[in-house]
Amino acid sequence: MYKLELITHNEQETIDLGIRFSQILPNGITILLEGDLGAGKTTFVRGLAKGLGINEKVQSPTFNIMKVYFDGDRPLIHIDAYR
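Just so you know, the residues in each chain are numbered from 1, in the order the chain's sequence is written. The predicted origin of the model limits local features to residues at a pLDDT of at least 70 and limits the giving and counting of side-chain atom pairs to 80 or more, whereas totals for whole chains, interfaces and linings rest on all residues. Computation of side-chain values: all heavy atoms of the structure, hydrogens and water removed.

A. Spotlight on the overall build of the protein. Secondary structure elements are taken from DSSP: a helix is a run of H or I of four residues or more, a strand is a run of E of two residues or more, and numbering for both begins at the N terminus. On a plain count of helices and strands, the protein comes out with 2 helices and 2 strands. Reading the protein from its N end, one meets helices and strands in the order α-α-β-β. Radius of gyration: over C-alpha atoms. The globule rule applied is 2.2 Å multiplied by the number of residues raised to the 0.38 power. A compact globule built from 83 residues should have a C-alpha radius of gyration of about 12 Å, and the protein, at 12 Å, falls within 12% of that. Considered along the principal axes of its C-alpha atoms, the protein spans approximately 30 × 30 × 30 Å. Relative accessible area decides the class of each residue, using a 1.4 Å probe on protein chains only: under 20% of the type maximum gives buried, over 50% gives exposed, and in between gives partly exposed. Here the protein holds 83 residues, and the buried ones make up 29% of them. Residue contacts are defined here by distance: any two heavy atoms, one from each residue, within 4.5 Å place the two residues in contact. Within the protein, contacts between residues separated by at least 24 positions form 29% of all contacts whose residues are at least 6 apart in sequence. About 6600 Å² of surface is accessible on the protein, with carbon and sulfur atoms providing 55% of the total. Counting rule for charge: Lys and Arg are taken as positive, Asp and Glu as negative, and neither His nor the chain ends is counted. Every charge is mapped onto a representative atom, which is NZ of Lys, CZ of Arg, CG of Asp or CD of Glu. Between the mean site of the 9 positive side-chain charges and the mean site of the 10 negative ones, the protein shows a separation of 3 Å. In short, Shrake-Rupley with a 1.4 Å probe defines the accessible areas, and a residue's cover is counted only from the protein chains shown.

Take a look at the structure:
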């Protein structure tokens, strides 16, 4: 298992990082995002989704536990495993 820590300084940098990251991901990969509430995990996922061509609004799945987005180049499954 690899651990990578990336630091961004604002919301747009976090989205841009997600977009760039989406371009190098192999199919079927699982990514664990760990951080405090408000750390930018969902913002990063918004960038991933944008990079994958997903146009649907990405929101935190905190209350739903899981959201699945199918309208892009590849499906994106966003799970909140906090509980």
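B. Spatial organisation of helix α2 (residues 41-51). The buried count for α2 comes to 8 of 11 residues, which makes it a mostly enclosed element. Elements in contact with the buried residues of α2: α1 (11-22) and β2 (76-79). Gly-53 occupies a position one or two residues after α2 and carries a positive phi of about 80 degrees.

C. Just the side chain of Thr-42, in detail. Mapped onto the elements of the fold, Thr-42 is located in helix α2. Judged by its relative accessible area of 16%, Thr-42 falls in the buried class. In contact with Thr-42, other than residues within four places in its own chain, are Gln-59, Ser-60 and His-78.

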